[in-house]
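Topology and contacts: notes
Chain by chain, the residues:
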Amino acid sequence: MKTPCELYASKIVPAIRGELARELVGRGHKKKDVAKMLGITVSAVSQYVHRKRGVAENEYIKSKIKEIADAIEEGTMTEEEKSSLLCEICSIFRREVDVKQI
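About the criteria used
Here the residue numbering is sequential within each chain, running from 1 through the sequence in written order. Predicted model: local features are reported for residues with pLDDT of at least 70 only, side-chain atom pairs are reported and counted for 80 or more only, and whole-chain, interface and lining totals are derived from all residues. Excluding hydrogens and water, the side-chain values take into account all heavy atoms of the structure. A run of H or I in DSSP counts as a helix once it spans at least four residues, and a run of E counts as a strand once it spans at least two, with each numbered from the N terminus. For the radius of gyration, the atom set is restricted to C-alpha positions; the globular benchmark scales as 2.2 Å times the number of residues to the power 0.38. Relative accessible area decides the class of each residue, using a 1.4 Å probe on protein chains only: under 20% of the type maximum gives buried, over 50% gives exposed, and in between gives partly exposed. Whether two residues are in contact is decided by their heavy atoms, any of which lying within 4.5 Å being enough. Exposure was quantified through the Shrake-Rupley algorithm and a 1.4 Å probe, taking into account, for residues, occlusion by the shown protein chains and nothing else. Buried Ala, Val, Leu, Ile, Met, Phe, Trp, Tyr and Cys residues that are joined via side-chain atoms within 4.5 Å together make up what is termed a nonpolar core. N or O atoms within 3.5 Å of each other form a polar contact, as long as, within protein, one can give a hydrogen and the other can take it, and as long as residues adjacent in sequence are counted only when both atoms are side-chain atoms. The arc in question is the one spanned by the directions pointing from the helix axis to the C-beta atoms.

By the naming in an unreviewed UniProt entry, the protein chain is Transcriptional regulator, taken from Geoglobus acetivorans.

**Comments concerning the overall build of the protein chain**
Helix and strand counts for the protein chain come out as 5 helices and 0 strands. Mapped in sequence order, the helices and strands of the protein chain form the string α-α-α-α-α. A globule of 102 residues ought to have a C-alpha radius of gyration of about 13 Å, and the protein chain, at 13 Å, matches this closely. Dimensions of the protein chain, computed from the C-alpha atoms along their principal axes, are close to 40 × 25 × 20 Å. Counting all 102 residues of the protein chain, 36% fall into the buried class. Pairs at least 24 apart in sequence give 66% of the contacts found in the protein chain among residues at least 6 apart. Element-wise, carbon and sulfur atoms account for 50% of the exposed surface of the protein chain, whose accessible area totals about 6,300 Å².

**Observations regarding unusual backbone geometry**
The backbone of Arg-51 sits at a positive phi, close to 60 degrees, despite the residue not being glycine. Tracing the chain through its elements places Arg-51 in the loop between helix H3 (42-49) and helix H4 (59-74). Among the residues examined, Arg-51 registers a relative accessible area of 40% and is labelled partly exposed.

**Quick look at the nonpolar core**
Of all hydrophobic cores here, the largest spans 26 residues; its most connected members are Ile-16, Leu-20, Leu-24, Leu-38, Ile-89 and Phe-93. Elements supplying a minimum of two residues to this core: helix H1 (4-26), helix H2 (31-38), H3, H4 and helix H5 (79-96). Ignoring any residue separated from it by four or fewer positions in sequence, one finds Leu-24 in contact with His-29, Val-34, Met-37, Leu-38, Ala-69, Ile-72 and Glu-73.

**Looking at the environment of Ser-43**
Considering the arrangement of structural elements, one finds Ser-43 in helix H3. Classification of Ser-43 as partly exposed rests on a relative accessible area of 48%. Counting along the chain gives 22 residues from Ser-43 to Ile-65, while the straight-line C-alpha distance between them is 20 Å. In this structure the side chain of Ser-43 is engaged in a polar contact, spanning 3.1 Å, whose partner is the side chain of Thr-41.

**As for H2**
Taken residue by residue, H2 has Val-34, Ala-35 and Leu-38 as its buried positions. With its buried residues spanning 105 degrees around the axis, H2 presents them on a single face. Residues of H2 that are exposed and angled more than 90 degrees away from the buried face: Lys-32 and Lys-36. Where H2 is buried, its residues touch H1, H3 and H4. Once H2 ends, the next one or two residues include Gly-39, with phi positive near 70 degrees.

The following block contains the structure:
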């Protein structure tokens, strides 16, 4: 049996990263640069972009992801602020989305 935190880590975090990777690549950033921005591999970015993993269909979550993407592009957000916002999105995700649907 998996604990709720294990489910969140294995389902929600990749969904958030996936939406963020797709958003940044969609804005014209190279996969290599997105990988560096997010601290993940280029192959992970590629899998996210091709929707092989990390897919979220919640519009509210997508709007929050766009806020993070804006801040990343502007360079106005510290790593601590990014982490805090990602935690906030994860909390929203937990309330809004049934983890089993991801």
